[in-house]
Amino acid sequence: MKLFRFLFITVVAVTLAVAAAVKMPKNFSLVCPDKGQAEIYCSSSALPSQNAGNGVIVFCPARQLDQALTRCNGVHGISVTFAGTAEDFATLLKYYRVEASEVVNIGHLIVVSGVSGAIRGGIFVAGKRVNVQVAFDGQSVTVGSPVIFGDY
């Protein structure tokens, strides 16, 4: 009986781990083209950074985001910007399965704020949980979590 229970729990744990790995999004650097630029907003970093008052901003190519994150402490947010099209914008919204809580159109700029079950955490904005923002200005796409920090 103990062996059966152990095997059952092991099978369930492995199944959940595989399902989570399949459902969780790849890192921003894998979704965005290599030419994208990432910004990491954190408390401190061993990498060259810009003072942001209550922390620092680390700038790096999107393809190096994973490596840069390992050298940052107290990450508050991540933003990645890349030259993109309306199709790229729609693809990111679909990829992250964003449930939009707010869509803002200002001239040629569109910003979608919402929740993605594929991304952990979040903040509350106007009483609604937000853990991802995606913006398109006609020439570039910016994706950020929990929101876009900086310009877009």
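As shown above, the structure is provided for reference.
Cut-off values and rules
- One numbering rule holds for all chains: residues counted from 1, following each sequence as written.
- Only residues with pLDDT of at least 70 are given local features in this predicted model, and only at 80 or more are side-chain atom pairs given and counted; all residues enter the totals for whole chains, interfaces and linings.
- For the side-chain quantities, the full set of heavy atoms in the structure was used; hydrogens and water were omitted.
- Burial classes: relative accessible area under 20% of the type maximum marks a residue as buried, over 50% as exposed, and values in between as partly exposed (1.4 Å probe, protein chains only).
- Each helix corresponds to a stretch of at least 4 residues labelled H or I by DSSP, and each strand to a stretch of at least 2 residues labelled E; elements are numbered beginning at the N terminus.
- Here, the arc refers to the directions that run from the helix axis to the C-beta atoms.
- By the convention used here, strands pair only if DSSP detects at least 2 bridges between them.
- The criterion for an aromatic pair is that two Phe, Tyr or Trp rings (for Trp, the six-membered ring) have centres within 6.5 Å, with stacked assigned to planes under 30 degrees apart, edge-to-face to planes over 60 apart and tilted to the rest.

Asker: How should helix α4 (residues 86-95) be read in this particular structure?
Answerer: Since the α-helix packs 3.6 residues into each turn, any two residues three or four apart lie on the same face. Residues Phe89, Leu92 and Leu93 constitute the buried set of α4. For α4, the arc enclosing every buried residue in end-on projection is 100 degrees, short of the 170-degree limit, so these residues lie on one face. The outward face of α4, more than 90 degrees from its buried face, is lined by the exposed residues Glu87 and Lys94.

Asker: Please clarify how the pairing of strand β4 (residues 72-83) should be interpreted in this entry.
Answerer: Side chains on a regular strand alternate between the two faces of the sheet. Pairing between strand β1 (residues 37-45) and β4: eight bridges, direction antiparallel. Opposite Ile40, over in β4, you have Ile78 as the bridge partner. As paired strands, β4 and strand β10 (residues 140-145) are joined by six bridges and run antiparallel to one another. When the sheet's bridge partners are listed, Phe82 is paired in β10 with Val141.

Asker: Looking at this structure, how should I read the sheet that holds β10?
Answerer: Picture the strands of a sheet paired through backbone hydrogen bonds; they go either parallel or antiparallel. Ordered in space as β2-β3-β1-β4-β10-β9-β6-β5, the eight strands form an open sheet in which the pairing is antiparallel. Sheet topology places β2 (50-51) and β5 (98-106) at the edges, where each strand pairs with a single neighbour. Bridge count between β2 and strand β3 (residues 56-61): two bridges; the pairing is antiparallel. Bridge pairing links Asn51 to Val56 in β3.

Asker: Explain the packing of aromatic side chains to me, please; I cannot follow it from the model alone.
Answerer: Centre-to-centre distance and the angle between the planes together describe a pair of aromatic rings. Enumeration according to the criterion identifies three aromatic pairs in this entry. Arranged with centres 4.9 Å apart and planes meeting at 25 degrees, the rings of Tyr41 and Phe149 form a pair that is stacked. Highlighted residues: Tyr41 in strand β1 and Phe149 in the segment after β10, separated in sequence by 108 residues. We classify Tyr41 as buried; its relative accessible area is 11%.

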